[in-house]
Amino acid sequence: MGVGAKVGKRIADMGFNASGGVINWFPGHMAAATRAIRDRLKVADLVIEVRDSRRWVRHFDSCKEDCLPISAHSKSSVTQLLALVELKLKEVISREPTLLVIVVGIPNVGKSALINSIHQIATSRLPVEEKIKRATVGPLPGVTQDIAGYKIANRPSIYVLDTPGVLMPSIPDIETGLKLALTGAVKNSVVGEERLAQYLLAVLNTRKTPLHWERLVCLDNYQREGPETMPDEENNIFKDSSPKRRRRLNESDVLYIEDVVKEVQRTLYVTFKEFKGNLEEENELESLIDTQLAALRKSFRIPHKASAEARTMVSKKLITLFRMGKLGPFILDNLPNTS
């Protein structure tokens, strides 16, 4: 689902995207972490950079850079990473009693989840008396604010440093800022949920993504099996306040989410199919997005509220589904030509 540079630039320049200005988020802890990481790089034996690099593997291969596609939740996948680490450290292992691996990346990219998986596998190789620590994993950027070390091997001793996610002090353009914010690397409050939802819908519509969900409309016997109302506030899985950890989803949650996802996809397909305007015209595309945000209120089963409040709630829930991967796998960057 790639998109050309011309279309990507046009989306970022549209009034509802550009009006908020360039997005920057570089809080004090991030500046301090940048300095600390720079100091530790001087003594690191290996650096692992974690990226959301779907479809980028071929590009890195063409640049002769080591790139291993993994899932932090797959034991076999993480084991492959550990094998690569040992291979890269093979020469150093023969002369150094203690080795240091540092993990870096932007906020909310999955560093701590990867660290936990590495530690889970590595602790099986360690003596029972070794203390087990886990990195804190959270749905919001900025959860890891200190540099912490975790022992993953003996003889030689290998330590992995988990670092806070850091961004560049100044994000160069609006489009880059919107992409980072949409993936969760920048706090929602910095950008605004509605602006993010508008950008997401602009990307989906210009790529004609809703047409992929036509099958849902063709299911005439489709019936909702989930609850008719949103879960209560305390257990609301879409609640975007500031929990430090994601709670584990139960079976009811899963069924509810899948039901909502189908309705959201159906709504976006129907509104896109009924749209008779020109996607190349900013005002007409913005009109389609407004229609979709209004229609999604019913899909998310939002009770009667003031228009502005309901629109914000729709925006939050749509962004949450995107970040959970429920709308499908997407890449927001323009892939370089590797041919």
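Reference entry: report on the structure contained in this document. Here the structure is a predicted model, which means the values were calculated and not measured.

Quick look at the packing of aromatic side chains now. Applying the stated criterion across every chain yields a total of one aromatic pair. Between F322 and F330 the ring centres are 5.9 Å apart and the planes differ by 35°, which places this aromatic pair in the tilted class. Residue F330 is classed as buried on the basis of its relative accessible area of 6%.

A few words on the pattern of salt bridges. This structure, assessed with the given rule, holds nine salt bridges. A salt bridge links E49 to R51, with the nearest nitrogen and oxygen atoms 2.9 Å apart. Of the residues examined, E49 reaches a relative accessible area of 49% and is grouped as partly exposed. Residue classification places R51 among the partly exposed residues on the basis of a relative accessible area of 47%. Here K326 ties to E258 by a salt bridge, and the two come within 3.1 Å at their closest N and O atoms. Here K326, found in the segment after α14 (307-323), pairs with E258, found in helix α12 (residues 251-274); they are 68 residues apart in sequence, far enough to count as distant. Relative accessible area serves as the criterion here: at 33%, E258 is assigned to the partly exposed category. Through salt bridges with shared partners, a single ionic network connects E194, D290 and R311.

Another point: helix α7 (residues 111-122). Taking 1.5 Å of rise per residue, twelve residues should cover 16 Å, and α7 covers 16 Å from first to last C-alpha, within 8% of that figure. Among the twelve residues that make up α7, eleven are buried, leaving the element largely enclosed by the rest of the structure.

With five of its six residues buried, strand β4 (residues 157-162) lies for the most part within the structure. Where strand β2 (residues 98-104) meets β4, six bridges bridge the pair, whose relative direction is parallel. Pairing of L99 across the sheet is with I158, part of β4.

Scoring rules and cut-offs
- Residues numbered from 1 in each chain as written.
- Predicted model: local features only at pLDDT ≥ 70, side-chain atom pairs only at ≥ 80, totals over all residues.
- Heavy atoms only, no water.
- Phe/Tyr/Trp six-rings, centres within 6.5 Å; stacked < 30°, edge-to-face > 60°.
- Buried < 20%, exposed > 50% of the residue type's maximum accessible area, 1.4 Å probe, protein only.
- Salt bridge = Lys/Arg side-chain N within 4 Å of Asp/Glu carboxyl O.
- Helix = DSSP H or I, 4+ residues; strand = E, 2+ residues; numbered from the N terminus.
- Expected span 1.5 Å × (residues − 1).
- Pairing = 2+ DSSP bridges.

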